[in-house]
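Each chain is listed here by its residues.
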Amino acid sequence: MTALGIEANLVRALSGEPPRTALPEDAVDTQAHMYLPGFPSLPPGPDLPAGSLPTPDQYRRVMNWLGIGRVVVTQGNSHQRDNGNLLACLGEMGGIARGVGVISAQTSEAELDALAQAGVVGARIMDLPGGAVGLDALEAVDALAVERDWMLAIQFDGGDILAHEQRLARLKSRWVLDHHGKFFSGNNPESRQVGALKRLIDKGRCWFKFAGCYESSRTGAPSYEDVAAMARAIAGHAPERIVWGTNWPHNLARVQAQYPNDAALTDTVMGWFPDINARNLALVDNPETLYGFPSKRRAPD
């Protein structure tokens, strides 16, 4: 244990009993981070994840364990606006991966071209401590995304969604509200905030991501009932607008006791969908639309 309370020897399980819920073939994990040597953390972002470096090779083992076929690699906050690690990881993962990077009005056309060529299909807005580009850049990043048919991955305290609703409603890009909306003040399906989320979804450009439920749940493991109640409400309201992610390697887990069992967490979250059709939409069809993966559905005979 370090002076900061971080376990340098934190161990991530990469295999084990598979989830009881069999994921569909070519299931897409839309929220994963991975890291390669030679890319240190940059201020003012957080440190790299605790324990051994969570590499693409480690993530491939998790894919085999959980039954994941494709992945969206998201730029980690530790690398701020330097997308070098993301590009390297996309190169390691190959055609099964797409990326969400960090860009701003200052990002050059040459870098945007390099990102697109590597498989980046989206830009991240992270308006929480440690984020590299926040909501102050929302419209500028949206304009860049529209030009390249990219999506936006947007994260902020969902308790503030009423203040942001009009700006979000004017976005021209496809976008996803990350991490169950991170309603830190509580998850109430009947709240005005969830009503705003439903209105945004109904406009046709907004998706909602099931990922990282432990980051905003007040009731906690193993059931995360507060987040679950809202997740069920949104999945019932618009099953065609839900995507799912593991949030591997669970970057906020700094000690072993905080690290979730990925198979058990997958089973828990899969239980929040109203039926198998909604689950398959979230794991295959919806992420194909949002992130531009080629469709895996066979054409009719």
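Structure shown above.
Overview of the structure. What you see is a predicted model; the values in this text were computed from it and never measured.

Parameters and conventions
- Residues numbered from 1 in each chain as written.
- Predicted model: local features only at pLDDT ≥ 70, side-chain atom pairs only at ≥ 80, totals over all residues.
- Heavy atoms only, no water.
- Salt bridge = Lys/Arg side-chain N within 4 Å of Asp/Glu carboxyl O.
- Buried < 20%, exposed > 50% of the residue type's maximum accessible area, 1.4 Å probe, protein only.
- Axes fitted to C-alpha atoms, helices over the stretch in contact; angles between N-to-C directions.
- Helix = DSSP H or I, 4+ residues; strand = E, 2+ residues; numbered from the N terminus.
- Parallel < 35°, antiparallel > 145°, perpendicular 65-115°, else oblique.
- Left-handed = near helix turned anticlockwise from the far one by under 90°.
- Contact = heavy atoms within 4.5 Å.
- Nonpolar A, V, L, I, M, F, W, Y, C, P; charged D, E, K, R; others polar.
- Pairing = 2+ DSSP bridges.
- Expected span 1.5 Å × (residues − 1).
- Polar contact = N/O pair within 3.5 Å; in protein donor to acceptor, adjacent residues only side chain to side chain.

Any two side chains of opposite charge can pair, given that their charged atoms come close. Evaluation of the coordinates by the stated rule reveals ten salt bridges. Close ionic contact of E225 with R232 constitutes a salt bridge, the shortest N to O distance being 3.7 Å. Under the relative-accessibility criterion, R232 is labelled partly exposed at 39%. Each of E109, D113 and R148 takes part in one network of salt bridges that share partners.

Describing two packed helices takes the angle between their axes plus the distance from one axis to the other. The contact between helix α6 (residues 192-202) and helix α7 (residues 225-237) brings their axes to 11 Å, and the two run at 30°. With respect to each other, α6 and α7 are oriented roughly parallel. For α6 against α7, the interelement crossing comes out right-handed. The residues of α7 that touch α6, namely those facing V194, L197, K198, I201 and D202, are M230, I234 and H237. Here the contact of α6 with α7 is composed, by residue class, of five nonpolar, one polar and two charged.

Let us look at the sheet that holds strand β5 (residues 151-155). Pairing is parallel across the open sheet formed by eight strands, whose spatial order is β1-β2-β3-β4-β5-β6-β7-β8. Among the strands making up the open sheet, the edge pair consists of β1 (28-32) and β8 (242-244). Averaged over all pairs of adjacent strands, the angle between strand axes in this sheet comes to 25°, irrespective of strand direction. Here strand β6 (residues 174-177) runs beside strand β7 (residues 206-210); their pairing, made up of three bridges, is parallel. Paired with L177 across the two strands is F208, which belongs to β7. On top of the sheet, helix α2 (residues 84-93) reaches β2 (70-74), β3 (97-101) and β4 (120-126); it is set at about 170° to β3, its chief contact.

Turning our eyes to something else, we now look at helix α9 (residues 276-291). When the terminal C-alpha atoms of α9 are compared, their 22 Å separation across 16 residues agrees well with the 22 Å that a helix rising 1.5 Å per residue should span. Taken as a whole, α9 has its buried residues at A278, R279, A282, L283, V284, D285, N286, P287, E288, L290 and Y291. At the N-terminal end of α9, a side-chain oxygen is found 3.1 Å from the backbone nitrogen of N277, two or three residues along, and the residue is D275. Positive phi appears at G292, one or two residues downstream of α9, with a value of about 75°.

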